[in-house]
Every structure is written in structure tokens, then in C-alpha cells.
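Spelled out, the chains give:
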Amino acid sequence: MQSFIDGLIASGVFGGLPAEAIYPAMMFLFASIVVFGFVLPLVTITIWLERRVWSRIQSRVGPNRVGPQGVLQGLADGVKNILKEDVVPDAADRPLFVFAPYLLVWGFLATFVVIPFSSALVIADLNVGILYIVAIVALSAVGVLMAGWASNNKWSLLGGIRSAAQVVSYEIPAGLALLPVVLLTGTLSTQGIIQAQGWAPWDWFLFHSPFTFIAAFAFYISALAETNRTPFDIPEAESELVAGFATEYSGFRFALFFLAEWGSLYVTGAIMAVLFLGGWQIPTGWTNNTVVLNIAQLTVFFLKAYFWVFLAMWIRATLPRIRVDQMMSLCWKYLVPLGFVNLVGTAVWMVIWPEGNTFVPYLMVVGTLALLVIFFRRVLYHLRRAKPELYFNPAI
Amino acid sequence: MSLAGYEFEVQRDDGLATEEMTLNMGPQHPSTHGVLRFVVKADGEIMRTALPDIGYLHRSIEKISEKVGYHGFMPYTDRVDYVSAMQCNQGWAMVCERAAGIEVPRRGEFCRVIACELGRIASHLLSVGTMVMDIGGMTPFTHAIREREKVNNLLEDLCGARLTFNYMRIGGVAWDLPPGYTEQVTAFLDQFEPLIDEYNDLISYNKIYVERLANVAAVSKEEAINYNLVGPNLRGCGFQYDVRRDEPYSIYPELDFEVPVGTGEVGTLGDCFDRYMVRIKELKESCKIVRQCLEMIPDGPVLARVAKKLKPPVGDAHVRVEASRGDMGWYVVSDGSEFPYRTKIRTGSFSAMSIVDKLSRGLMIADLIALIASLDVVAPEVDR
């Protein structure tokens, strides 16, 4: 990024402007491009995808009216939300009430700074990348708590407090689940972690050792809890708390909550892809064209990230919601001890095999494939037994 | 409304003053299944008490009967419990027949039972579907509603309506089964019965679902009888009582069916899961009953000759029917005129509301949702 701006300055595009003014201006410009050109379409597409995936699981059709196959449904919803009245309740704490959704959106937008899309496409390759993500994601908890408090509504307050308890608790297993990868690579930089892995599954940290395998899923569960996804969607549990912290919100502020929720869903998938699935790594040597290479890397990265996004959609459509006390006991009784076991286990693993065990990754890949085969055979068995009417055409 | 006697002191060791939060759950709340209100006193997530405040849906249905006459009241009975209107139809028809001494043709009785059991399938599907949705699972609800639509289609073929059927008449039913109805219903049952097992695979024994329901709000047998729980809520406690079997009416004595009871298979006997599971099992029994009726149904008329202006002799009559939400009592007093002197409807949801306060103490707010859903409360049936 910096070298790119340096190149522009050297070529004299900016005339005689001082470099101190050009750097922030360019950063602002690129950030705007990322937000409006990438994140907003991404979120609308994710929302559309989620609704279509849900519909298929729930034997419905789903949104298919606005645009081809309903892709623009998110746009229509956004326009509708902007046109709605922005109600601030009389008894609400007005400044906090107005400010809370922005905090929530910042919390997830700021993570895009360090999430790489390909070997060249990353806004800033911070050397504390992962730590930065963990820190900045917690900002959304402040936003939710603020929204819950400022609404001056008891349901909102309950939702806000639940969210605060949830995020604060699940930060710990999430952080502990990241540590094995940091131990293995010795870096916190996202690009560094990806470069330490390879394109093949057995080079991924997911299959590096049993401990990283467990850590991956521990992190995924914690991330679901941090982003308030089912089965941990208790802060906005619509059957209990009406709409939780978002009860009193309307119009575009309400839409911002949704933007943040589905945006952080992609962030979760992207972090999973970076840490455990080898990020943008693809086989090299087949092209020398940088643009083609980066596009291929971008595609691979998206597929990996959206695998986890799809999994979250699937989980949300399938599982009921757990109770507050059950969520806490899951965190403190199971995930946190498991995190420590993973940490120590990885350290011991590294002492025994400093270069990594060559046999175990292959074994784990084969084992995972076997599990997948068994899973799909079960699916086929149930399909045969239930004799449903199947529609394989994805476009209706 | 007075909450005297329900004030709780929250005492803390460190001497800090705290107070309980009074939450108004409803009348407009997503999971109170209609217009119900609960005044919840909560200490954080723990409830001290949840007092039901009913009456938002009171439509004076009993009073209306005194002004519209015996035949004219039939459409209003649909509105007593609109989720399973067939049994309400049957209750009113039976109580009038008993008061006036009318004999129903045999084919009419079979039509009634077929309609009622299809209605029970629809009602229980809605009940278990919304229960899962209240717990947070979205998919089973749509799957249950998909099947309920098919039942609604069948009932629409039968009587032209999908919700408020107005199918039965005093002395029988309004219309005979349409041509080809047996095949249609059999085809539906063949397709539906395996889906009950799929439903169990999908959600009933899901780990999270079981954890949410097991040991929550358990009712003992004695408590259930003291609080006058009826129907699946009573059977969920392990007490085998079903009006269809124990005080038989219509053609139920000729039919072979089980009365499923709660077994406490995942937790305490009589908890939310048992009440849920009883409904799932009753789906199968209803399928069985409908199949038998379709086989046994004789030819003949479906409606007896009844006077247009029905004037039962002076006296009263009381019948009980097993509605989807349990023992539904119908009582009518006749003064010999063409209008009832007094009608009383006793519904299962109303008496189920009385136990909510007792069960809710010490539960979490999320459990109250499970409790209300497992009692299968339908708001219009509470208030009438």
C-alpha cells in the first residue's frame, strides 16, 4: 500500500502537495472505496444468500423478485429503511442512542483493514493484525451495550447486558484458540500467518495437529457467539426479548445493526480462512501475470471464507437457541479449559516435532474426507426415507 | 391490577440496595401466542413471579349465544379456539343434541371424528412448530406449517373454509365427504406419518433443544390435578386421562387408539419436554384414528332432521369433548325458548394459565417462553 502511494508521488500525480497530506488523503480514499465498493455490496449479497439458503432449508422459495433471482433485495431493503422515520424515543438517552449503531458498524468495518484478500490486496499488513482484530471486534459489544442502555427499554437493557456478558466471556476462548496458530508461526500479521501455510489441505493449520483442529472449531464457536449468531443469538432473541437491543431502533439505524451483523459474519469466515485454511494460498508457477494470480487468490479466499459463512447460515437454520446460563457454562466450563489444553498441546507438539509431523496432517485430511463421506451418505439415507420432492435447480 | 402479596425483597450481603425489575411481557410480544400479558418480576434473568393478565381477547362469546339461538351460534364456536375449531363445533353440536334429544346419523358421527382428528393434527403441528420457534429453531416451524397447509387443504375440501370451519350442524354435519376424499386423506397420511419420525430426528432429540426443555417447569401429577390441567398438559405429567377414552362420546369407543403420556425420558416427569412429546405422539394416534374412520365409515345420511327454530325442553345439558388443548366443557341451560338461557364454555388454556405463576418462580426469562409454549396456550381460548 505504502509503496503504491510512494510510486504515485514519485510519478508526480499530486504535483507539489506535501507527502504528509497525501498519505492520509489516500488512506481515506482507499478506505472509502473498500467500504462503499466492497463491504456494502458484500453485506447485501450475504444477506440475500442467507435468506435464500434459509429458504431452501425451510422448503420455501425466498426473495426472488428484486433483480435477477432477488440479488438486489438487500438494496431494496436498504432504500426502504432509509425512507423510514428515524424515531428516537422521548425517554431515550439521545446522544448515546444516536451514536450506538455507528460504534457497532465501526467495530466490524475496522477489521477490514487487516483482512487480506490476496497476496497484494491488503489495506495494511499490521504486525499485530490478529491482536488488532480481537481488540476492534470488542468495540461492537460497547455499541450493543450502549444501544441497550440508551433505549431506556427493559427488553433492550436485558439484550445489551446479555450481549456484554456474552462478548466479554467469549473473547477469552476466542483469544486462546488463536494462540496455537500464533505459536506455530511466531507472528501476529495476517499475511505472515497465511505465508506460513500452503495451498494444499495438509499444509493448512486446520490439519496441522489435533490441537489446531480443535482450536479451529473452538474459535469458530466463540466467533459465532461474539457475532451474536444462532445458537448464541440471545442478545436479540426475538422470541424472548422482542428484538433485544434493537427494539427501539427504526429506519437506517436499524439497518446499520443488520449491516454490522452480516458484515461480521463475513469477517468471521475471513479470519477462519486466514488462520486455519491457508488464506489466499494457491498453487504457484502456472502464471506470471500478477493480476491473474491475484484474482485467483481472491477467488480462493472468498470460497474459503464463504464456506464458513455458509456453515453459519446452516447452523442458524437448524439449531435452537441456548439459554444464558448454558451459554456461560459452555464458555467457562468447556471452551476455556479446551483452549488451555490446545495451547499447551501445541507447545508440546512443537517441542517434539519442530518442523511439524509429516504423517498426521495427511491422516487428518483423510479422516475428514471420510467423515464427509459418512455425512453425505446419511443425508442420502434420510432423503430416501423421507421421499421429499427435490428441486435441484437453484434458480426459482 | 394489584400485585399485592407478590413483593419480594432482594437482599444482598454487601448491603447494596437493589430492586426488582417489573417487565411487561405482552400484550404485544412475539411469543405470547396472541394477546396475552404477563407481569414479570425479575431479578436479572431470574424470575420471581410471572402473573398472567388475561382478558385482552374477551369477545363475550358466551353472551352472544343468548342472542343468536342454537343454530346461529355455530359459527361463533369456531372463534372459541380458532386453531382447532372443529372440536369446538363438535362440543356445541353435542351439547345441543343432548339438550334437545337429537340422534346423529352414524355417517355424520364418522364425518365429525375425521374432521376433528384432522383438526387435531393441524393444531398440534402448529403447537410443536411454534414451540420450536419460541426456543429459537426456525426450520422445524416451516416444516410443520407446510404439513399443516396440507391438512388445511383437506379441511377446505370438506367444508370450504381453512380456519373457521363452521362444518358441523346440530344433528350432524353440513356436508358429506366430497368424492375421492378417502384417497386424498389416505395419500396425505401415507406421506405425513414418516415425517413425524423425521421431525423427531430434526429437532425433538436435538441436544440444545432437550437441554432447553428437560427439567424445566416440571409439574407433578397432584399439582396438575389441583390446578386443573387438562389434555396434553395433564398427560404430560404421566396421568393417563383422555375424555375420548374415559368418558367416551361419539364413535370413539369403537376406535382403537393409545393415550400417550409423558415418560420423563430426558428429565423430570412432567417437564416441558414431556408435554411437547405427548403432542408429537398424539399426531401418530390421530393419524391412526383417521385411518380407521375412513375404513369403517358407513353409507347413509350425515344430517338428522332438526327443527329450524330449535327449542330444547327446559333443562340443562353438559358435555365434554377432548379438544386439542384438552377437556373442553360445554354447558347450556335452556328455558324452552329458541335462545339458550345461559352457555358456559370451559377451556383448557384458561385453567392452564393458573399454574403459570407457580411454575415461573425461580425460572429464567427464557424458560417462561418455553413454559408458555409447552402449555400450548391459545389466547382467544383463554378469554373467549
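Please read all numbers here as calculations on a predicted model, not as lab measurements.

### Some details on the domain arrangement of chain A
Residues and elements named next belong to chain A.
Okay, step 1: For chain A, the assigned domains read domain 1 (1-83) and domain 2 (86-357).
Okay, step 2: The C-alpha-based centres of domain 1 and domain 2 are spaced at 19 Å.
Okay, step 3: Listed per partner, the contact involves 18 residues of domain 1 and 23 residues of domain 2.
Okay, step 4: Contact between domain 1 and domain 2 buries roughly 1,900 Å² in total, counting both sides, with carbon and sulfur atoms accounting for 82%.
Okay, step 5: Our count for the contact surface shared by domain 1 and domain 2 stands at one salt bridge.
Okay, step 6: The salt bridge involving Glu50 is made with Arg229; its shortest N-O contact spans 3.0 Å.
Okay, step 7: Between the two partners, domain 1 and domain 2, sit four residue pairs in polar contact (both at pLDDT 80 or more).
Okay, step 8: Only helix H2 (19-57) and helix H3 (73-83) provide two or more residues apiece to the side of domain 1 that touches domain 2.
Okay, step 9: Per-element tally for the side of domain 1 that touches domain 2: the top contributor is H2, with 15 residues.

### Re the sheet that holds strand E6 (residues 315-323) of chain B
Residues and elements named next belong to chain B.
Okay, step 1: Spatially, three strands are ordered E6-E7-E8 in an open sheet, and the strand pairing comes out antiparallel. Strand pairing shows two members of the sheet lacking a second neighbour, E6 and strand E8 (340-346), which therefore form its edges. Here the average twist between neighbouring strands, direction ignored, is 15°.
Okay, step 2: Helix H1 (residues 61-72) rests against strand E7 (326-334) and E8 of the sheet, and its axis sits at about 140° to E8.
Okay, step 3: Lying on the sheet, helix H3 (residues 85-100) is in contact with E6, E7 and E8; it crosses E6 at an angle near 150°.

### A word on the packing of aromatic side chains
Any pair of aromatic rings gets described here by the distance separating the centres and the angle formed by the planes.
Residues and elements named next belong to chain A.
Okay, step 1: Inspection of every chain in the model, using the stated rule, returns 38 aromatic pairs over all chains.
Okay, step 2: Plain terms: the ring middles of Phe38 and Phe112 are 6.1 Å apart, the flat faces sit at 75° to each other, and that makes the pair edge-to-face. On the criterion of sequence distance, the pair formed by Phe38 in helix H2 and Phe112 in the loop between helix H4 (94-109) and helix H5 (129-137) is long-range, its members being 74 residues apart.
Okay, step 3: Pairwise contacts between aromatic rings join Phe38, Phe108, Phe112, Phe117, Tyr266, Phe302 and Tyr306 into one cluster.

### What about the nonpolar core?
A general trend in soluble globular proteins is that nonpolar side chains are found buried together.
Residues and elements named next belong to chain B.
Okay, step 1: One finds Trp92, Tyr167, Tyr276 and Trp330 to be the most contacted residues of the largest nonpolar core, which totals 120 residues.
Okay, step 2: With 14 residues, helix H4 (residues 106-135) is the largest single contributor of residues to this core.
Okay, step 3: Look past the residues within four positions of Tyr167 in its chain and what remains in contact with it is Met86, Asn89, Cys111, Ala115, Leu158, Cys159, Val173, Ala174, Trp175 and Leu177.

Criteria and thresholds
- Residues numbered from 1 in each chain as written.
- Chains lettered and ligands numbered in written order.
- Predicted model: local features only at pLDDT ≥ 70, side-chain atom pairs only at ≥ 80, totals over all residues.
- Heavy atoms only, no water.
- Domains from an automatic or database assignment.
- Contact = heavy atoms within 4.5 Å.
- Buried area = accessible area lost by both parts, 1.4 Å probe.
- Salt bridge = Lys/Arg side-chain N within 4 Å of Asp/Glu carboxyl O.
- Polar contact = N/O pair within 3.5 Å; in protein donor to acceptor, adjacent residues only side chain to side chain.
- Helix = DSSP H or I, 4+ residues; strand = E, 2+ residues; numbered from the N terminus.
- Pairing = 2+ DSSP bridges.
- Axes fitted to C-alpha atoms, helices over the stretch in contact; angles between N-to-C directions.
- Phe/Tyr/Trp six-rings, centres within 6.5 Å; stacked < 30°, edge-to-face > 60°.
- Core = buried A, V, L, I, M, F, W, Y, C linked by side-chain atoms within 4.5 Å.
- Buried < 20%, exposed > 50% of the residue type's maximum accessible area, 1.4 Å probe, protein only.

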